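Letter by letter, the chains look like this.
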Amino acid sequence: MFSNPEIGIDLGTANILVYSKNKGIILNEPSVVAIDTETKKVLAVGMEAKSMIGKTPGKIVAVRPLKDGVIADYDVTTDMLKEIMKKAGKVIGLSLRKPNVVVCTPSGSTSVERRAIHDAVKNCGAKHVHLIEEPVAAAIGADLPVEEPVANVVVDIGGGTTEVGIISFGGVVSCHSLRIGGDQLDDDIIQYVRKRYNLLVGERTAENIKMEIGYALIDHEEITMDVRGRDLVTGLPKTISLQSGEIQQAMKESLLHILETIRATLEDCPPELSGDIVDRGVILTGGGALLNGMQEWLSKEIVVPVHIAPNPLESVAIGTGKSLTVIHKLQKAAR
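Cut-off values and rules
- Residues numbered from 1 in each chain as written.
- Predicted model: local features only at pLDDT ≥ 70, side-chain atom pairs only at ≥ 80, totals over all residues.
- Heavy atoms only, no water.
- Helix = DSSP H or I, 4+ residues; strand = E, 2+ residues; numbered from the N terminus.
- Buried < 20%, exposed > 50% of the residue type's maximum accessible area, 1.4 Å probe, protein only.
- Contact = heavy atoms within 4.5 Å.
- Pairing = 2+ DSSP bridges.
- Salt bridge = Lys/Arg side-chain N within 4 Å of Asp/Glu carboxyl O.
- Axes fitted to C-alpha atoms, helices over the stretch in contact; angles between N-to-C directions.
- Parallel < 35°, antiparallel > 145°, perpendicular 65-115°, else oblique.
- Left-handed = near helix turned anticlockwise from the far one by under 90°.
- Nonpolar A, V, L, I, M, F, W, Y, C, P; charged D, E, K, R; others polar.
- Domains from an automatic or database assignment.
- Buried area = accessible area lost by both parts, 1.4 Å probe.
- Polar contact = N/O pair within 3.5 Å; in protein donor to acceptor, adjacent residues only side chain to side chain.
- Core = buried A, V, L, I, M, F, W, Y, C linked by side-chain atoms within 4.5 Å.

**Student:** Residue-level account of the overall build of the chain, with values.
**Tutor:** Each helix and strand in the chain was counted, giving ten helices and 18 strands. With respect to the three principal axes, the spread of C-alpha positions in the chain is 70 × 55 × 30 Å. When the 335 residues of the chain are sorted by exposure, 52% land in the buried category. Here the contacts in the chain between residues at least 6 apart in sequence split such that 63% fall between residues at least 24 apart.

Right, here's the structure in full:
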């Protein structure tokens, strides 16, 4: 075993989670950085920076350096990771000197995007950096028997991407990555409210609407929610009432894209493994799994059982950390 500290990082579009072998999830912060545009200095990272979104003066911007699960702004991501490593070190009670790090990457990311993630983590002082595909990490985190020759189907609906993978015998048999996730659903809501009511709402408000009255495409009892924003005609603050049915319609297209991706992955499945899927079903992880009615809607559409992972938001991070033992086993076998 390595003597260096070992950590797993789920480098998500919406949140960064850090998992330590001994302490479990030690950090869960939004992937947001507040920067002073004049000095290019990082002012805040994570929760503190997220609370600044849409509320800062001109020279301070709150940015998300990760887009669709991959690095959009390399320098800012490196600065953010350094801060996250510092915070994680404080929680564990040691300075994270040369830790061994496992980071998950979207299965659809290119070699250039993977290299950027690898280099960004390495530049933060990591000794060894291992990359693991997101569906595999999610499956390990959801306690699925990934090393056995049975089909484990994982649908990971994150902030920037939806990953659908069939995992058997420790590897990915078939997988599809779609650059639609929770952020896209928020954007659908913003655009709908803008077109229908001439009202401008921010990202955080859209996310709250999705969590409160957002529903997958199932029949449900209508719920109403009051929403505040800026009237585009008068420029003044205004409150409107939104119903869950209209939010459902606003998100419909993106949800159907997710369903299409799941179907495409299942169609690529070897016939021998299809029988396992009928028995074992599909596991949902990621924040999107918590959308009201998601489990019910998907099981009706794909006609196999759909289960939600025990910790959908933390599955990928837990799996990333736990995969270290799998990597050690492989390294020993290779010696």
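Picking up where we left off.
**Student:** An account of the pairing of strand 16 (residues 237-243) is needed here, citing residue identities and associated values.
**Tutor:** Bridge count between strand 15 (residues 224-231) and strand 16: seven bridges; the pairing is antiparallel. Following the sheet pairing, Asp 226 is matched in strand 16 by Ser 241. Where strand 15 folds back onto strand 16 in an antiparallel hairpin, the turn is made up of five residues, including Gly 235, whose phi is positive at roughly 80°.

**Student:** Report on the pattern of salt bridges, specifying residues and quantitative values.
**Tutor:** Here the structure, examined in full by the defined rule, presents 13 salt bridges. Two residues, Glu 29 and Lys 87, come together in a salt bridge whose shortest N-O distance is 3.6 Å. Of this pair, Glu 29 sits in strand 3 (residues 24-30) while Lys 87 is found in helix 2 (residues 74-92), placing the two residues 58 residues apart along the sequence. Classification of Lys 87 by relative accessible area gives partly exposed; the value is 26%. The salt bridge involving Asp 143 is made with Lys 322; its shortest N-O contact spans 3.1 Å.

**Student:** So what's going on with the pairing of strand 13 (residues 171-178)? Residues and values would help.
**Tutor:** As paired strands, strand 12 (residues 162-168) and strand 13 are joined by seven bridges and run antiparallel to one another. Looking at strand 13, one finds that Thr 162 is bridged to Leu 178. Between the antiparallel neighbours strand 12 and strand 13 lie two residues, among them Phe 169 with a positive phi of about 55°.

**Student:** Give me the lowdown on the packing of helix 7 (residues 244-267) against helix 9 (residues 294-302), citing residues and values where you can.
**Tutor:** The packing of two helices is summarised by the inter-axis angle and the distance between the axes. For the pair helix 7 and helix 9, interaxial distance at closest approach is 11 Å and the crossing angle is 50°. Taken together, the axis directions place helix 7 and helix 9 in an arrangement best described as oblique. In the packing of helix 7 onto helix 9, the handedness of the crossing is right-handed. Seen from helix 7, the contacting residues are Leu 255, Leu 256, Leu 259, Ile 262, Arg 263 and Leu 266; seen from helix 9, they are Met 294, Trp 297, Leu 298, Glu 301 and Ile 302. Split by residue class, the contact of helix 7 with helix 9 holds nine nonpolar, no polar and two charged.

**Student:** Break down the side chain of Ser 254 for me, with residues and values.
**Tutor:** Along the chain, the position of Ser 254 falls in helix 7. We classify Ser 254 as buried; its relative accessible area is 4%. If we ignore the near neighbours within four places in the chain, the residues touching Ser 254 are Ile 180, Gln 184, Leu 185 and Asp 188.

**Student:** Mind laying out the sheet that holds strand 15, listing which residues take part and the relevant values?
**Tutor:** On the basis of which strands lie adjacent, the open sheet formed by three strands has the order 14-15-16 and antiparallel pairing. The open sheet has two free edges, formed respectively by strand 14 (199-200) and strand 16, since each of these has just one partner strand. Contacts from helix 5 (residues 182-197) reach strand 14 and strand 16 within the one sheet, and its direction differs from that of strand 16 by about 110°. Contacts from helix 6 (residues 203-213) reach strand 15 and strand 16 within the one sheet, and its direction differs from that of strand 15 by about 170°.

**Student:** Kindly report on the domain arrangement of the chain, identifying the contributing residues and their values.
**Tutor:** According to the domain assignment, the chain consists of domain 1 (6-136 + 317-334), domain 2 (145-180 + 254-310) and domain 3 (182-250). Carbon and sulfur atoms supply 63% of the area buried between domain 2 and domain 3, which totals about 1100 Å² over both sides. When the buried area of domain 2 at its contact with domain 3 is split by residue, Leu 255, Leu 291 and Asn 292 rank highest and sum to 41% of it. For the pair domain 2 and domain 3, the number of links is zero salt bridges. Across the contact surface, domain 2 and domain 3 share six residue pairs in polar contact (both at pLDDT 80 or more). Looking at the side of domain 2 that touches domain 3, the elements with two or more residues in it are helix 7 and helix 9. Each residue belonging to the side of domain 2 that touches domain 3 can be placed in one class, and the counts come to six nonpolar, six polar and two charged.

**Student:** Tell me about the nonpolar core, and name the residues and values.
**Tutor:** One finds Leu 242, Met 294 and Trp 297 to be the most contacted residues of the largest nonpolar core, which totals 46 residues. Broken down by element, this core gets its largest block of residues, seven residues, from helix 7. When residues of this core are assigned to domains, at least three map to each of domain 2 (145-180 + 254-310) and domain 3 (182-250). Aside from chain neighbours lying at most four places away, what touches Met 294 is Ile 157, Ala 216, Leu 255, Leu 284, Gly 288 and Ala 289. With 28 residues, the next largest nonpolar core counts Ile 9, Val 18, Ile 26 and Val 121 among its residues.

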